[in-house]
Amino acid sequence: MKISEIASHLGAVVVCGRDNADRDVEFGFASDLMSDVLTLETDNLVLLTGLANNQAVRTAEMSDIPCIIFVRNKKVTQEMIELATESNITLIEYPFSMFKAVVQLSKAGIKPVF
Amino acid sequence: MLFDFEIQGGDFATAGNASSQIKKILKQLNVDHRDIKRIVVALYEAEVNVVAHAFGGKISAEINTTEVRIRLVDEGPGIPDIELAMQQGYSTASPEVREMGFGAGMGLPNMKKNTDEMHITSVVDEGTTVELIFFLNQTPPNH
Ligand SMILES: Nc1ncnc2c1ncn2[C@@H]1O[C@H](COP(=O)(O)OP(=O)(O)OP(=O)(O)O)[C@@H](O)[C@H]1O
Ligand SMILES: [Mg+2]
């Protein structure tokens, strides 16, 4: 599923990285713990997190994650946008809970990593 | 080729800057993307450890066509029991570090998993040296 389709499916706002929105993602992982995210080996992964800071973006950069969805109405900062743009990562803001986002993405066919 | 970087202890806003620079260099050198991922994941964990647990440090990276050797030397409290620290789930991270999304005690085991060799030496109340060694994939691209 394309990143752009994920955003429209969630009715969520793409904050930056629209150029990247054609990329396909197949798997999803939801965590506020970056140490957990860094142990994943899966490619084509979308990350759902309530942790809106630079380290979430850095973690995605190191793990080759093309898209982060910030849940629970967490707001992306200007610095995060700059880091994400440099690494071609799409950032999406979603006003509802992590659980709701997971349910919607699961219905859309996004698969768990394990 | 040799590259040097500084790490600011305690500064989570800039944590990962050195790992990001090294990732760019590895990409320019056309290193296999799977090798790049395991190198930068291990390095980033190590860089965050210096930020989270030490006062500051230096990174030196030696990159050639067959291997990458990265040494992180920090000034800090040191690790009294390295074997214990290596265990999954062992963490002394402060509440501030946990709020930044770290402190699960997963970093050192994950670094071990992603490296071909890892060497840690530490002196309590002085600091820690971590060496990460990677042998690069020799198969040509597109295979
Ligand atoms: N550079 C360092 N200086 C001092 N202590 C360290 C250093 N690196 C690791 N440690 C010690 O080893 C413990 C385990 O490190 P590890 O990276 O596995 O977990 P963590 O950093 O606490 O959490 P995580 O990596 O999951 O975010 C740390 O909590 C800390 O006590
Ligand atoms: Mg760590």
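Rules used throughout
- Residues numbered from 1 in each chain as written.
- Chains lettered and ligands numbered in written order.
- Predicted model: local features only at pLDDT ≥ 70, side-chain atom pairs only at ≥ 80, totals over all residues.
- Heavy atoms only, no water.
- Pairing = 2+ DSSP bridges.
- Helix = DSSP H or I, 4+ residues; strand = E, 2+ residues; numbered from the N terminus.
- Axes fitted to C-alpha atoms, helices over the stretch in contact; angles between N-to-C directions.
- Contact = heavy atoms within 4.5 Å.
- Core = buried A, V, L, I, M, F, W, Y, C linked by side-chain atoms within 4.5 Å.
- Buried < 20%, exposed > 50% of the residue type's maximum accessible area, 1.4 Å probe, protein only.
- Salt bridge = Lys/Arg side-chain N within 4 Å of Asp/Glu carboxyl O.
- Near = heavy atom within 4 Å.
- Polar contact = N/O pair within 3.5 Å; in protein donor to acceptor, adjacent residues only side chain to side chain.
- Areas by Shrake-Rupley, 256 points an atom, 1.4 Å probe, with all protein chains shown as cover.

**Q** Tell me about the sheet that holds strand β5 (residues 127-135) of chain B, and name the residues and values.
**A** By definition, the strands of a sheet pair up through backbone hydrogen bonds, in either a parallel or an antiparallel sense. Residues and elements named next belong to chain B. The five strands are arranged β1-β2-β3-β5-β4 in an open sheet whose pairing can be described as antiparallel. Each end of this open sheet is capped by a strand with a single partner; those strands are β1 (2-8) and β4 (117-123). Direction aside, the axes of adjacent strands within the sheet are offset by 10 degrees on average. Strand direction decides the pairing type here: β4 and β5, joined by seven bridges, are antiparallel. Each residue of the ladder has a partner; that of S122, found in β5, is T128. The sheet strands contacting helix α5 (residues 107-114) are β4 and β5, and the helix crosses β4 at an angle near 145 degrees.

**Q** Pulling in residues and values, what's your account of the nonpolar core?
**A** Judged by nonpolar contacts, the single largest core of 64 residues is most densely connected at L91 of chain A together with L26, I59, I70, L72 and L132 of chain B. By residue number, the principal contributor to this core is helix α2 (residues 33-53) of chain B, which donates 12 residues. L91 of chain A has contacts with V13, V14, V15, C16, V57, I68, F70, V76, M80, I81 and A84 of chain A, leaving out every residue within four places of it along the chain. With 19 residues, the next largest nonpolar core counts I3, V25, C67 and V71 of chain A among its residues.

**Q** Describe in detail the pattern of salt bridges, supporting the description with residues and values.
**A** Using the criterion set out here, one finds 14 salt bridges over all chains in the structure. Of the charged contacts, one joins R69 of chain B and E67 of chain B as a salt bridge, the two residues approaching to 2.6 Å between their closest N and O atoms. For R69 of chain B, a relative accessible area of 28% puts it in the partly exposed group. One salt bridge in this structure joins E131 of chain B and R69 of chain B, with 3.8 Å as the shortest N-O distance. Linking E131 of chain B in strand β5 with R69 of chain B in strand β3 (residues 67-75), this pair joins segments that are 62 residues apart in sequence. Within this structure, D43 of chain A together with R34 and K37 of chain B form a network of salt bridges that share partners.

**Q** Which residues make up the sheet that holds strand β1 (residues 13-16) of chain A, and what values go with them?
**A** All names here are of chain A. Ordered in space as β1-β5-β4-β3-β2-β6, the six strands form an open sheet in which the pairing is mixed. Edge positions in the sheet fall to β1 and β6 (111-112), since each has one partner strand and no second. In this sheet, strand β3 (residues 45-49) lies alongside strand β2 (residues 27-30) in parallel orientation, the contact comprising four bridges. Bridging across to β3, G28 finds its partner in V46. Lying on the sheet, helix α5 (residues 98-107) is in contact with β2, β3 and β4 (67-70); it crosses β3 at an angle near 155 degrees.

**Q** Which residues make up the site of ligand 1, and what values do they have?
**A** Inspection of the region around ligand 1 gives 21 residues, with H53, S91, T92, G103 and M106 of chain B positioned closest. What surrounds ligand 1 is not a single chain but chains A and B. Between ligand 1 and A104 of chain B there is a distance of 3.1 Å, counted from an oxygen atom to a backbone nitrogen or oxygen. At 2.8 Å, a backbone N or O of L108 of chain B approaches an oxygen atom of ligand 1. Taken by itself ligand 1 offers 600 Å² of open surface, and the protein chains cover 95% of this.

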